[in-house]
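Each chain, written out:
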Amino acid sequence: MVAVGSVVMNRVESDAYPNTVCGVVGQKNQFAPGVMTKEMQLQTAPLITGTARSVYNGERHPRIGNSKFFHAAWYKASYNNMHYVLTAGGNAFYEKRKPQNVTSPSPLPAVEGLTQP
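Reference entry: report on the structure contained in this document. In this text, all values refer to a predicted model and were calculated from it rather than measured experimentally.

Remarks on the pattern of salt bridges
Thinking step 1. Counted under the stated rule, the structure contains two salt bridges.
Thinking step 2. In this structure, Arg60 and Glu13 form a salt bridge, with 3.7 Å as the shortest nitrogen-oxygen distance. Here Glu13 lies in the loop between α1 (2-12) and α2 (21-25) and Arg60 lies in the loop between α3 (45-56) and β1 (69-72), a separation of 47 residues in the sequence.
Thinking step 3. When its relative accessible area of 19% is taken as the criterion, Arg60 is described as buried.
Thinking step 4. For Glu13, a relative accessible area of 56% corresponds to the exposed category.
Thinking step 5. We note a salt bridge from Glu95 to Arg97, for which the minimum N-O separation is 3.0 Å.
Thinking step 6. Note on Glu95: relative accessible area 15%, which makes it buried.
Thinking step 7. Taking relative accessible area as the criterion, Arg97 reaches 29% and is therefore assigned partly exposed.

Digging into the environment of Val4
Thinking step 1. Relative to the helices and strands, Val4 is located in helix α1.
Thinking step 2. On the accessibility criterion, Val4 (22% relative accessible area) is partly exposed.
Thinking step 3. Taking the C-alpha atoms as reference points, Val4 and Pro18, separated by 14 residues in sequence, lie 16 Å from one another.

Some details on the nonpolar core
Thinking step 1. Residues Val8, Val12, Tyr17, Val24, Val25, Phe31, Phe69, Met82, Tyr84, Ala92 and Tyr94 constitute the largest nonpolar core, which totals 11 residues.
Thinking step 2. Apart from residues no more than four positions distant in its own chain, Met82 is found in contact with His71, Ala77, Tyr94, Glu95, Val102, Ser104 and Pro105.

About the cut-offs
- Every chain begins its residue count from 1, and numbering advances along the sequence as written.
- Under the rules for a predicted model, residues below a pLDDT of 70 receive no local features and side-chain atom pairs below 80 are neither given nor counted, while totals for whole chains, interfaces and linings still include all residues.
- In computing side-chain properties, one takes all heavy atoms of the structure into account and sets aside hydrogens as well as water.
- Each salt bridge in this description consists of a side-chain nitrogen of Lys or Arg and a carboxyl oxygen of Asp or Glu lying within 4 Å of one another.
- Going along the chain from the N terminus, every DSSP run of H or I of four or more residues is numbered as a helix, and every run of E of two or more is numbered as a strand.
- Burial classification: accessible surface area is computed with a 1.4 Å probe over protein chains only, and a residue below 20% of its type maximum counts as buried, one above 50% as exposed, and the rest as partly exposed.
- In plain words, nonpolar cores are sets of buried Ala, Val, Leu, Ile, Met, Phe, Trp, Tyr and Cys residues tied together by side-chain atoms within 4.5 Å.
- Any two residues whose heavy atoms approach within 4.5 Å at even a single point are treated as in contact.

Shown next as C-alpha cells:
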C-alpha cells in the first residue's frame, strides 16, 4: 500500500498529472474501477486509513524513487521503455525511460515490508 501511495504522490507532485490525490486516483483508466466509491471493509479500514495518512504525511517506499507507474505483477508488458524498480504487494512498479536507459526491463523479485518515514 505504501508503494502504491508513493506512486500516487509522485503523480501529485508532477506537472503531468492532477495536483490532488483525488484527482490522480480518480483519473480514468488509471486505477481500479470504483476505487473512489468502493466501501472499505471494517476489518481493513484502520490499516488503509493509517497507511494513507502516513503516505500523505511523507512516508515513501524506499525503492519507488520517481516511479509513476505500476501494473499487476503477473502482467507481461512488451514495451521497451519500462524500467522496473520494485515488485511488492502483487504489483510491479516502473519508470518510463528512453529504451537505451532501461537497465531493468523485467519485473524484479518481490520484496515486502520495506518503507521509510
